[in-house]
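# Descriptive structure summary
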Amino acid sequence: MKYRKIRAIISGGGTGGHIFPALSIAGKLKELNPETEILFVGAEGRMEMEKVPAAGYKIVGLPITGLRRSLSLANLALPFKVVKSVSMAKKLIKEFKPDIAIGVGGYASAPLLWAAGRMGVPTLIQEQNGFAGLTNKILGKKAGCICVAYEGMERFFPADKIVLSGNPIRKEIVPADEKMREEACRFYGLKPDTRHLLIVGGSLGSGTLNNAMKKWISEGCPGGEGIEVIWQCGKYYKPSVDEFMKDRNLEAIQYSDFIKRMDLAYAAADVIISRSGASSISEMCAAHKAAIFVPSPNVTEDHQTHNAMALVRKDAGMIVKDSEADEKLMATACSLLNDKEKIAQIERNVATLAKTDAAMTIAEEVYKIVGNEDIQ
């Protein structure tokens, strides 16, 4: 089937969990027709303003910010930023003349999709989490289609608009064969005959995961005999981890602020410790990996717990509460690493939940909305 050239605005961002799906959707639309034109709209100062241009796309930043939960003078400026962002969004739409506006979550998507809906531009929402945020619930009432990653989302959106697509992920994330695992071990300097633990705190890092690691190391890494660790501590926490690791000669533990070859990190890992952002969970399903999730308590509607429990209920993952991570997390990880049968069982179960064609499913929904009339 041939697909016509279209013009699409993709809005959202704030974290890698929003940006990587957005880039996956854009990549698929460009793959279907290389002449398709795509404009990204993000929030000023957020990581999408760096990551999107690096991927070869144009992006415009809006001054929109999120509402701070604590009392803050910054909240007083929010209404003015919303008004300005909506005004800028309307101007962008008039100039770019999109066939469709796609929202992937994050507060940058709100003014763009709100403006698009009122200017007669069709909209599509991609909801990554198992518990929809307030913005998407409001925008979903007028959206032409809502692509979701979890079952049971009818409690948030009109049932006739929902498509169970899964979350788009980086195309290089695949189940590792023996050759890929060997490559991963060489890349990271790991011993192929040992067990490997990957700790991922998300694109910004996680203080909880880092503190659990520090405590475990301070106690002499109990239960860690024969285990090698790849530890992503995050850019924000890197200086404090540097100071902690100073003069500690721990060849079995390597750490960095960011993992560039996540495909190889997944391939090397026998067990993964991670927050339970939607994209992280989707990637672990695609990679068929056994994971222990530590949901962040600092997210709206506790959606990371909902994400993790969707797997835990199907014995496709494990969970440790954020408040219990210091005491339980590393002991749980070491125990799992020593239980090959349990790892294999989780891997089998999580593999059944993988949706590796999510970007294509979403792209097809885009064309159902905008039409493909000029292609015979």
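Attention in this report is confined to the structure presented alongside it. These figures come from a predicted structure and were not determined experimentally. (Residues numbered from 1 in each chain as written. Predicted model: local features only at pLDDT ≥ 70, side-chain atom pairs only at ≥ 80, totals over all residues. Heavy atoms only, no water.)

With that settled, the discussion passes to the overall build of the protein. From N to C terminus, the protein includes 14 helices and 13 strands. Here the C-alpha atoms of the protein give a radius of gyration of 21 Å, agreeing with the 21 Å that 2.2 N^0.38 yields for 376 residues. Each principal axis of the C-alpha atoms in the protein carries an extent, and together these give about 60 × 55 × 35 Å. Relative to its full complement of 376 residues, the protein shows a buried share of 53%. In the protein, 65% of the contacts between residues at least 6 apart in sequence involve partners at least 24 apart. As displayed, the protein offers around 17700 Å² of accessible surface, 52% of which is attributable to carbon and sulfur atoms. Between the mean site of the 49 positive side-chain charges and the mean site of the 44 negative ones, the protein shows a separation of 7 Å. (Helix = DSSP H or I, 4+ residues; strand = E, 2+ residues; numbered from the N terminus. Rg over C-alpha atoms; globule rule 2.2 N^0.38 Å. Buried < 20%, exposed > 50% of the residue type's maximum accessible area, 1.4 Å probe, protein only. Contact = heavy atoms within 4.5 Å. Areas by Shrake-Rupley, 256 points an atom, 1.4 Å probe, with all protein chains shown as cover. Lys, Arg positive; Asp, Glu negative; His and termini not counted. Charge placed at Lys NZ, Arg CZ, Asp CG, Glu CD.)

Attention shifts here to the pattern of salt bridges. Applying the stated rule across the entire model yields 13 salt bridges. Residue Asp242 is joined to Lys238 by a salt bridge in which the shortest nitrogen-to-oxygen separation is 3.1 Å. With Asp242 and Lys238 both in helix H8 (residues 238–245) and four residues apart, this pair spans about one turn of that helix. Look at Asp242 and you get partly exposed, because its relative accessible area is 29%. What makes Lys238 partly exposed here is its relative accessible area of 23%. Residue Asp322 is joined to Arg275 by a salt bridge in which the shortest nitrogen-to-oxygen separation is 2.8 Å. You can see Asp322 sitting in the loop between strand E13 (318–319) and helix H12 (325–337) and its partner Arg275 sitting in the loop between strand E11 (271–274) and helix H10 (278–287), a full 47 residues away along the chain. Taking the relative accessible area as the measure of exposure, Asp322 reaches 21% and is therefore partly exposed. The class of Arg275 is buried, set by a relative accessible area of 11%. (Salt bridge = Lys/Arg side-chain N within 4 Å of Asp/Glu carboxyl O.)

Between helix H7 (residues 207–218) and H8, the least distance of the axes is 12 Å, while the angle of their chain directions is 0 degrees. As the angle between them shows, H7 and H8 are arranged roughly parallel. Touching Lys214, Ile217 and Ser218 of H7 are Ser240, Val241, Phe244 and Met245, all from H8. Classifying every residue of the contact of H7 with H8 gives four nonpolar, two polar and one charged. (Axes fitted to C-alpha atoms, helices over the stretch in contact; angles between N-to-C directions. Parallel < 35°, antiparallel > 145°, perpendicular 65-115°, else oblique. Nonpolar A, V, L, I, M, F, W, Y, C, P; charged D, E, K, R; others polar.)

Once that is clear, we can look at the sheet that holds strand E4 (residues 100–103). Pairing within the open sheet is parallel, and its seven strands lie in the order E3-E2-E1-E4-E5-E6-E7. The strands lining the two open edges of the sheet, one partner per strand, are strand E3 (58–62) and strand E7 (162–164). Going across the sheet, the axis of each strand differs from the next one's by a mean of 20 degrees, ignoring polarity. Looking at chain direction, E4 and strand E5 (residues 123–127) are connected through three bridges and run parallel. Looking across to E5, one finds that Gly103 is bridged to Ile125. Running at roughly 160 degrees to E5, helix H14 (residues 358–370) makes contact with E4, E5, strand E6 (145–148) and E7 of the sheet. (Pairing = 2+ DSSP bridges.)

Of all five residues in E3, four are buried; the element is thus mostly enclosed. The pairing of strand E2 (residues 37–43) with E3 spans five bridges and is parallel. Bridging from a neighbouring strand, Gly42 pairs with Gly61 of E3. As for the winding sense of the linkage, the β-α-β connection from E2 through helix H2 (residues 48–54) to E3 is right-handed. (Right-handed = clockwise from strand over helix to strand, strands pointing away.)

Backbone geometry places Lys97, a non-glycine residue, at a positive phi of 55 degrees. Assignment of secondary structure puts Lys97 in the loop between helix H3 (78–96) and E4. In this structure, Asp315 takes a positive phi of about 55 degrees despite not being glycine. Mapped onto the secondary structure, Asp315 falls in the loop between helix H11 (303–312) and E13. On the basis of relative accessibility, which here comes to 25%, the residue Asp315 falls in the partly exposed class.

So, about the nonpolar core. Judged by nonpolar contacts, the single largest core of 62 residues is most densely connected at Leu112, Met153, Phe157, Leu198, Tyr266, Ile272 and Leu311. Broken down by element, this core gets its largest block of residues, six residues, from helix H9 (residues 262–268). For Tyr266, the contacting residues outside a window of four places in its chain are Ile173, Leu198, Ile272, Ser280, Glu283, Met284, Ala287 and Lys289. Residues Cys221, Phe244, Met245 and Met330 belong to the second largest nonpolar core, which totals 31 residues. (Core = buried A, V, L, I, M, F, W, Y, C linked by side-chain atoms within 4.5 Å.)

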